[in-house]
Every structure is written in structure tokens, then in C-alpha cells.
2 protein chains.
Amino acid sequence: MKTFPIALLCAAALPATAGAQPRSLDPVAALRQVAALRDAALTDDVAYAITEGLTTEVGQRLAGTDAEARARDWGVARLKALGFRNVHIETYDMPVWVRGEERGEILSPFPQKLSLTALGNSGATPPAGLDAEIVAFPSIEALRAADPAAVRGRIVYLTHAMLPTQDGSSYGASGIVRRQGPTVASQKGAAAIVIRSIGTDHHRTPHTGVQMFADGAAPIPAAALSIPDAEQLDRILKRGRPVRMRLLLTPRQTGMRQSGNVVAEVPGRDPKAGIVVVGGHLDSWDLGTGAIDDATGIAITTAAAKRVMDAGRPLRTIRVVWFGAEEVGAFGGIAYAKAHAGEKHVLMAESDFGADRVWKFDTKVAPGALPVMDRIATALAPLGIARGDNLASGGSDITPLAATGIPIVSLRQDGTRYFDLHHTPDDTLDKVDPIQLRQNVAAWTTMLAVVANDPTELGPVEKGGAE
Amino acid sequence: MKTFPIALLCAAALPATAGAQPRSLDPVAALRQVAALRDAALTDDVAYAITEGLTTEVGQRLAGTDAEARARDWGVARLKALGFRNVHIETYDMPVWVRGEERGEILSPFPQKLSLTALGNSGATPPAGLDAEIVAFPSIEALRAADPAAVRGRIVYLTHAMLPTQDGSSYGASGIVRRQGPTVASQKGAAAIVIRSIGTDHHRTPHTGVQMFADGAAPIPAAALSIPDAEQLDRILKRGRPVRMRLLLTPRQTGMRQSGNVVAEVPGRDPKAGIVVVGGHLDSWDLGTGAIDDATGIAITTAAAKRVMDAGRPLRTIRVVWFGAEEVGAFGGIAYAKAHAGEKHVLMAESDFGADRVWKFDTKVAPGALPVMDRIATALAPLGIARGDNLASGGSDITPLAATGIPIVSLRQDGTRYFDLHHTPDDTLDKVDPIQLRQNVAAWTTMLAVVANDPTELGPVEKGGAE
């Protein structure tokens, strides 16, 4: 690829604080040069190569396991080979839960096997499994309102009606079933809980995901049925006869283990100009190979940073972070916030919603920085990306630090099919659309090319706004 | 539904042999009455109710198991309730193979678990599993040409490139990998064989299916990888390093067990007018609930027969057969042929290709009967069904008898997505499109309304033509 210095690209419309930055480049020329970087990114192969390599040569990489450690080593080697500087691992310790055997079946009235998987931090059944009658609830509110006498000793079945949404907003409402159901069921004395998978597909591939037993609730076995199995159970329950289920789950807590973030940099020309953090998470759930969650997130942000790096040393340092242990509690993001709290972060941005096309550009910056964001929006428009609002929320990895008042941007991906795959065995490379992946790289390249080279202060922003 | 006698519907264009049949109804009026039955079937709920009931209340029903026996009892009760006559079970014995534990993983160079399932009649690994290096072949021809020294003691990996086809023709070419691969691998001394699933989906749901070790080949462990897993193995092998795999399969042969066909009739007015046999197969593979393979086949043909029955006693007897043990070797079809060889079968037709819309009408009848088939084709055209040829092949259940020279018709279903689901855990009720299911019922109702009431001799046809 032809390279050219982009230090000059973004100097148009500089505020009075811009100091020594040249003012000669007109806005049209600046936009043209960002556009050239953007359009070159539409032929990117780096992001796909990272995604393919990590998912093939490491595969699943559950937080705190040997597989995640192999993924960190893989990441260090790849980031060095791509030309990044200061490539290193920052470790921390975290509690690790691992999956065991998992089986479920209806014993009566219609004997049949079920496809299910344990939720994170699920308790175990006795080694021979447990048998109990099912008591069903259509919502977490109905479970909360239940008489404990109706729940005690039974297997709670909790369902919901999640549908696909482009912005992923249905995950919040339905996800409560997974996040809070096990705690509420435990508090009412349930023997176990099975939920309808938090997902939108129709395959026998159940969706795992984290939950934490809260408020002193004892861990009970907690599993997700695949959606066809949940619908099958709905039909069986509708027959009105008592339904007995057998459940065998043998997961276990293995204690504190080492995890870590992989960090790499594109050093900026001016150390006082601060750091732009971009990244995604390196760990994955253990059922698939973590392709869309979140190999593509680290791949997109890394490929974009490399493109800006190759175009000339930027004003600001770009720091690429492959966060560890996101899925199980954002331990990597918390560790990063603790280790780097004292540094000047000018912007943080995370990609953790698959690799389908970016459709909206949200920001959270100081009012004085909105003209910079508008310039980015202008450059993103030809990619089919609409300007969103200035109320962006972050992602789970950047939130621990960004919530202290650091500006964020969000290149929002189309989530219509994301929850078909999220946390399932089906999260594999074949689900990544290389064309849409490149559109993501182009969007991130565009954003980074501007913010890493424009000296405008983007903050401060209100604390705690990111979630 | 309003009912009316259809004995008169098809008397137009009667040949001289028609005897006492009335000749007064003109062709336009006859077609109009068949059309009324056809259109009423587009609101059918019987086929969906059978499909929903069998897949919910029995679920999987592997041939020769207790589950298949429950399915037969379920069928007898349902067929009696629908008003059929002479409802009974015809039993036979057959060898039964059952699945055990199944696990696979890559040991090196990139450790990871694989999603796979044993093929029918697979041998077992040692109880602790077996480890061996993989030797890969792109085709059965390449495996046949291989030096046994390169295969001995290894795990053969055999792949293919099946794509969806509307007529299902790609199954024949790719299916050879499953049907013959294990035998060839065994003959060359392989420790085991894994194949790319014979399917067209991209889910972690492997496709099982029958194979028979032939020519004295000793049973070896034989499994199908899900398609994403096969593609993952392809990528790993492309790295050029030796690949070691661990395989654990514990299926077993359980000896001879009882299976059976469920038979029901709509008695005809004239016992000498012969029998029209329609049906599908009752058994299923054990991974899903056998919704499209083949609950819908028995549901469609039963619902159509009931509609013709409710419209008035037909000239000919319609016999509905829910064949047992099709998946594992067409034992039900063979038993039926043996038990009923001496009866006058005027036509046989089978539905065993899912429940997506019928798009083509093929026949195999004597030339003199083609005008009757053309009348059916005319009545099918408004359903979007094209007239095919007079070279129809049967299905595996009717072939044992039809190959002796009995006419057949084939209402061919759209198979574009059939091999996404075929023989996988994903063959569940949610895959059935109720609207397309009704189009199937309408097509079969149309065909049956004509052939059960028209006295034209449809045969004889060439022997052995059905396959």
C-alpha cells in the first residue's frame, strides 16, 4: 500500500489551542486524505488474517485457562510481527470456573433428551444427577412473585421472548433472565434452574453466559436450553401434566488463576498529546471458537491501528488492548483501569459486537469537540454509517476507566444476527463476512486517522455515563 | 369442512374399461371439484397436528428402540381417532445399533475440541478412546487410490464439497463419502474415519446417517464432523504440520429387536379396484426429533388421505403406511413388500424429503395412463407445481415393492434447505413451515382424489425402474 503522512490530514478547523500544528491544509483536502485511507481499508486482509489465525491456532480461550494463555502468546507474536511497539502482557489473577459434563432429559410424561449447557458459575448437581419436577415461569417478575413453597426442591424453568434488534437492545431486557434468574431461584429454594437461551436463533446450540449468585444465594445448577428445546418444553408443559426432568451438570470453581491483557502501541509524536485506546477482548466462551465474540473486535481495531501507523507516525499514541477475561466479569478491563489510571487517556473505544457492518456512529465528547466528531461522521457517511448522538455508552472493557470521565466513541455494528451466535458452539469463523469485516476496518481507520492526529481536547465528559 | 362425494369427480375421460362409472360429469366440472378439495387443503391443520404431536409426545424414535414402539402406539391411536379403518401394526425383527458417548479433539498442533457424531453401525473405540495421526483425502477416489501403508493405523479424514440443490441430487454424489468411506478406510487398515458431514449448513450440528461395512470390512469407529469443524480441520491441515486427533465413540450393536409398520386404510367401494399406497417413515434418527425426516411425510400423506376419505368413499382403497426402520436400512419397506406382495397395488407414493413446497410432479405409469396424470398436473399447476417426466424414481420405503413393476408418482419437494437439517440435532418442529406444509397436503389431496377414483389402469411399468 502507498503510504503518506497523515499527521497533516486533520489539521483543518483547528481550535486556538492547536499550537504548532500547521493550518495550511484545507478541510476538503484533509477529508480527501482520510477518505483515501478509509477506501484503502476496504481491501484489508489483516483483520481476517488475525481472526482466522486466532480462531484456528488457538480456538476457544476461556478466561484464566491454558488456552487463554496460549492466546496471549499468540497475540504478542502477531502484534510484534505487525510492527507494533511496546508489545507486552499485563497479568492479574481472577477466579476461574470450568465446565464439566452436562446432560438433561425429560423423564415424564414424554421421555427425551435435551440440548443444554451450564451458565457461568453454575453449581453442580450430585455426580449421578438430580431428578425433580419442573415449575415454569414466563418472566423474572413472575418468579420473584412466586411462593417459595411452589419452587422449593423443584427445577425452575424461566423463559422469555427475545427477538433480534439491530442495536442489540433486546439483550438487556431478556438478559436479566440469565443474570438474575439463578439467584432468585436459589433464594426461593429451587433445586436447579434452566432458562431459555438468551438468543434469537433456532438451532440446538444453547447459549452460555455469565451470571453471579448474589446476596448470599447458594450456587445451584443453572443451565440454558437451546431455543428449540425450550420451545419443546413449552409444548410439553402445555399438555398440563407434571413434567419431571433429570439434570447432570458437573462444573467446578478452580480457584484463582492468572489471566492478562495484551497491550501494544503505535507511539505518538507528542507524549503529552495523550493516548487513544482501542481494542476488544481476547478471551472467549468455551463452546465455540470466539470468532465474532470477540476475535473480530481485536482484529478490526488492530488492523485499523496498523493502517494509521503505516500511514505515518500519529500525533497521539494509539494503544491497542486485547483485554483478557471479559466474558466472565470484565476482569481485564478492571485490571487495565487500575494499572493505567494515572495516564492521559484522550479517548477509549471498543469493538465487541461481532463483525457485521457499522451502521451508526455515537460519541460522548465535550461540546467543544463536536466539530471533530462531525468531521469523522462526514468521512464515515460513504460507508453507510449514520451520525448518532453524543450519549454513547462504552463497552464492558473500557467502562471501568472511561466511567471516570474519559471521552468515548462507539462504532455501532448491526446486531440483527449477533444473538443467533453469541456464546454458542456456533460462534465460528464461517460466520464472519469478510466484506462486512472490511467495512468495520474502514470505519475504525477513519475514526483513528482523525482522532490520533487532531490535537483538539475531546473531554472532559460527565463521569459514570458509560455503562 | 363441507364434504361432498368425489366418487364422481374423476369420471371424465374414462376409458372403455371403466364399466359402470358414470360418464355424465364433464372434464371442467370434474376439475372444479378436485380444485375445491385442493383449495380446502390449503387451510389444513391435520398435518401440522400430527407433526407437532409426534415430535413433542414421542420425540426421537430410533428404529428398533422403545421410542419407536411408543411412536407406533401413538400412531395407532391417532389414526383411529382420525377415522381410518383397519388400523394395525405389522411387526418384523431387525438388527439395532445404538449410539454411546462421542467425543473428539485435536491434540496437536492446536488443541481443541470437535463437534462430531457417530455414523450408523460405527464401531467403537477402546473405552479410553484412541489417539492417532490424521491422513486426509479430498475424495473417495483419492482414498481408494491410497497406499494402505499411508492409511494403516491412522484416522482417515474424508471430505467433499456438497452444495444445496433444489432436487437433492447433490446428496447422491456426496453421500458416497458416508456410505463407502468407512468400508474403504477399514479395508486399508485405518484406525478410524471421520468425514465432513453430508450436509449444507454451517452449524455445529453434525449429520449422522447409515453406512454398512461391506465386503468383510471390520467395523471401525466412523464419525461425521460438523461442517464448521470440518472446515476448521481443513485450515489446521493446511498449516502443514502433523495433526493428531483423539476419538472416543462407544456405540454398540444390541442384536435383533422388534420394529414395525403402522398401517391404516380408507376402504374403497370396489375391492377389485386395487390399493393406492401412500406414506412416509415413522422412525427417525436419534439426534433431533425427526420433524422433517419424516414426521411431515407421514403427516402430509395421512392428512391428504383423510381429506379424500371425508369427501366420500373412494373407488379404490387408500392404504396409509407409516413405515418403520427406514433410516437404518429400509427394513419396514422390505417387510411390507414381503407381507403384501400378492395384493393388487395400483400405485405407490412416498413423502420423505421434508415439508418445503412441492415444485414438480414426476410419474412412472403406463403410456395409456398419461392422460390421467396430465389431469392431475393440470390440477396441481395452481399450486406452483410443474409437470415433470414419466421417469419417476420411488423412495426407499416403496422401492422394494414398486420395483416389481408398480406405478409410482413423486410429488417432489424443494430440497434447497433439506440438507441443512437432515440427520442432525436440528431436525426439530420449528423448521417446519406450516404454509408450505399445507401446500404439500393440497398437492397430495389433489393427486389422491384423482387416482383413488379413476378406474384407469396405471400400469404395468418396467420392473426395477424405481431406485
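Conventions adopted
- Residues numbered from 1 in each chain as written.
- Chains lettered and ligands numbered in written order.
- Predicted model: local features only at pLDDT ≥ 70, side-chain atom pairs only at ≥ 80, totals over all residues.
- Helix = DSSP H or I, 4+ residues; strand = E, 2+ residues; numbered from the N terminus.
- Rg over C-alpha atoms; globule rule 2.2 N^0.38 Å.
- Buried ≥ 20, exposed ≤ 12 C-beta atoms within 10 Å, placed from the backbone.
- Contact = placed C-beta atoms within 7 Å.
- Pairing = 2+ DSSP bridges.
- Axes fitted to C-alpha atoms, helices over the stretch in contact; angles between N-to-C directions.
- Least-squares fit on C-alpha atoms with pLDDT ≥ 70 in both.
- Domains from an automatic or database assignment.
- Nonpolar A, V, L, I, M, F, W, Y, C, P; charged D, E, K, R; others polar.
- Expected span 1.5 Å × (residues − 1).
- Parallel < 35°, antiparallel > 145°, perpendicular 65-115°, else oblique.
- Left-handed = near helix turned anticlockwise from the far one by under 90°.
- pLDDT = per-residue confidence, 0-100.

Caption draft 1: Structural view of the overall build of chain A. Counting its secondary structure elements, chain A contains 13 helices and 16 strands. Scaling as 2.2 N^0.38, a compact globule of 467 residues should have a C-alpha radius of gyration of about 23 Å, and chain A matches this with 24 Å. Looking at chain A as a whole, 56% of its 467 residues are labelled buried. Within chain A, contacts between residues at least 6 apart in sequence are counted, and of these 83% link residues at least 24 apart.

Caption draft 2: Here's a closer look at the sheet that holds strand β3 (residues 112-114) of chain B. All names here are of chain B. If you trace the eight strands from one edge of the open sheet to the other, you get β3-β2-β9-β5-β6-β7-β8-β4, paired in mixed fashion. At either end of the open sheet lies a strand with only one pairing partner, and these are β3 and β4 (116-118). Each strand of the sheet is rotated relative to its neighbour by a mean of 30 degrees, with strand direction disregarded. In this sheet, strand β9 (residues 244-249) lies alongside strand β5 (residues 130-137) in antiparallel orientation, the contact comprising four bridges. Considered in β9, the bridge of E133 is made with R244. Sheet contacts for helix α6 (residues 170-187): β6 (155-158), β7 (192-196) and β8 (222-225); angle to β7, the most-contacted strand, approximately 155 degrees. Strands β2 (102-108), β3, β4, β5, β6, β7 and β8 of the sheet are contacted by helix α7 (residues 227-238), whose axis makes an angle of about 90 degrees with β8.

Caption draft 3: Just helix α8 (residues 291-310) of chain A, in detail. Most of α8(A) sits inside the fold, with 19 of its 20 residues counted as buried. Phi for A:G312, located one or two positions after α8(A), is positive at around 130 degrees.

Caption draft 4: Highlighting the sheet that holds strand β2 (residues 102-108) of chain A. Residue and element names in this part refer to chain A. One open sheet holds the eight strands; their spatial order is β3-β2-β9-β5-β6-β7-β8-β4, and the pairing between them is mixed. At either margin of the open sheet sits one strand with a lone partner, and together these are β3 (112-114) and β4 (116-118). Neighbour-to-neighbour, the strand axes of the sheet open up by a mean angle of 30 degrees, direction not taken into account. Direction of pairing for strand β5 (residues 130-137) relative to strand β6 (residues 155-158): parallel, over a ladder of four bridges. When the bridges of β6 are listed, A136 appears paired with Y157. Most of the contacts of helix α6 (residues 170-187) go to strand β7 (residues 192-196), to which it runs at about 155 degrees, and overall it touches β6, β7 and β8 (222-225). Contacting β2, β3, β4, β5, β6, β7 and β8, helix α7 (residues 227-238) crosses the sheet at an angle of about 90 degrees to β8.

Caption draft 5: Representation of the interface of chain A and chain B. Taken together, the contact between chain A and chain B spans 21 residues of the former and 21 residues of the latter. Elements supplying a minimum of two residues to the side of chain A that touches chain B: α2 (46-57) and α7 of chain A. It is α7(A) that provides the largest number of residues to the side of chain A that touches chain B, a total of five residues.

Caption draft 6: A look at unusual backbone geometry. With an omega of 5 degrees, the peptide bond between B:S108 and B:P109 qualifies as cis. Topologically, B:P109 is positioned in the loop between β2 and β3. Look at the link from B:G459 to B:P460: it is a cis peptide, with omega at 0 degrees. Tracing the chain through its elements places B:P460 in the segment after α13 (434-451). Despite not being glycine, A:A325 shows a phi value in the positive range, around 55 degrees. For A:A325, the position within the fold is in the loop between β12 (317-323) and α9 (331-340).

Caption draft 7: The arrangement of the relation of the copies chain A and chain B in detail. Its rotation angle being 180 degrees, the transformation that places chain A on chain B also includes 0.0 Å of axial translation and leaves an RMSD of 0.0 Å. Taken together, the rotation and translation relating the two chain copies correspond to the operation of a two-fold axis. The share of interface residues of chain A whose copies in chain B are also at the interface is 100%, consistent with both copies meeting through the same surface.

Caption draft 8: Inspection of the domain arrangement of chain A at higher detail. All names here are of chain A. Taken domain by domain, chain A comprises domain 1 (16-96 + 256-451) and domain 2 (100-250). For domain 1 versus domain 2, the separation of C-alpha centres amounts to 34 Å. The partner domain 2 presents 18 residues to the 20 residues of domain 1 that form the contact. In terms of residues, the side of domain 1 that touches domain 2 owes the most to one element, helix α12 (residues 418-421), which gives three residues. Looking at the side of domain 1 that touches domain 2, its residues break down into eight nonpolar, six polar and six charged.

Caption draft 9: Here's a closer look at the pairing of strand β10 (residues 252-266) of chain A. All names here are of chain A. Where strand β1 (residues 85-98) and β10 come together, 11 bridges link them in antiparallel fashion. Counterpart to I89 in the pairing with β10 is V262. Inspection of the sheet shows β10 paired to β12 by five bridges, in the antiparallel sense. By the bridge assignment for β12, V262 is matched with W322.

Caption draft 10: Looking closely at α2(A). If you check α2(A), its first and last C-alpha atoms are 16 Å apart, about what 12 residues at 1.5 Å a residue would give, namely 16 Å. Looking at α2(A), one finds that the buried residues are A:V46, A:A47, A:I50, A:T51, A:L54, A:T55 and A:T56. Check the buried side of α2(A) and you find it contacts α3 (66-81), α8 and α13 (434-451) of chain A together with α7 of chain B. One or two steps after α2(A), the chain reaches A:G59, where phi turns positive at roughly 75 degrees.

Caption draft 11: Structural view of the pairing of strand β16 (residues 408-413) of chain A. Residues and elements named next belong to chain A. Within β16, six of the six residues are buried, leaving the element largely enclosed by the surrounding structure. Examined bridge by bridge, strand β14 (residues 358-364) and β16 share six bridges and lie antiparallel to one another. Looking across to β16, one finds that K364 is bridged to I408.

Caption draft 12: Representation of the packing of α2(A) against α3(A) in the model. All names here are of chain A. Where α2 meets α3, the axes come as close as 10 Å, and the angle between the chain directions of the two elements is 150 degrees. Here α2 is positioned roughly antiparallel relative to α3, judged by the angle of their axes. Once α2 is placed against α3, the crossing between them reads as right-handed. Taking contact as the criterion, the partners of I50, G53, L54 and E57 in α2 are, on α3, A71, W74 and R78.

Caption draft 13: Structural detail: the environment of A:L158. Residue and element names in this part refer to chain A. Relative to the helices and strands, L158 resides in strand β6. Between the alpha carbons of L158 and T399 there is a distance of 30 Å; along the sequence they are 241 residues apart. Setting aside residues no more than four positions away along its own chain, L158 makes contact with F137, I140, L143, V177, G181, I193 and I195.

Caption draft 14: The arrangement of the confidence of the model for chain A in detail. On average, chain A scores 94 in pLDDT, and the residues at 70 or more come to 94%. Counting contacts from residues 1-24 of chain A, a segment whose pLDDT is below 50, to residues more than four positions away or on other chains yields 50 contacts.

Caption draft 15: Looking closely at the environment of B:T289. All names here are of chain B. Mapped onto the elements, T289 comes out in the loop between β11 (275-281) and α8 (291-310). Note on T289: 30 C-beta atoms within 10 Å, which makes it buried. Taking the C-alpha atoms as reference points, T289 and V58, 231 residues apart in sequence, are found 8.1 Å from one another.

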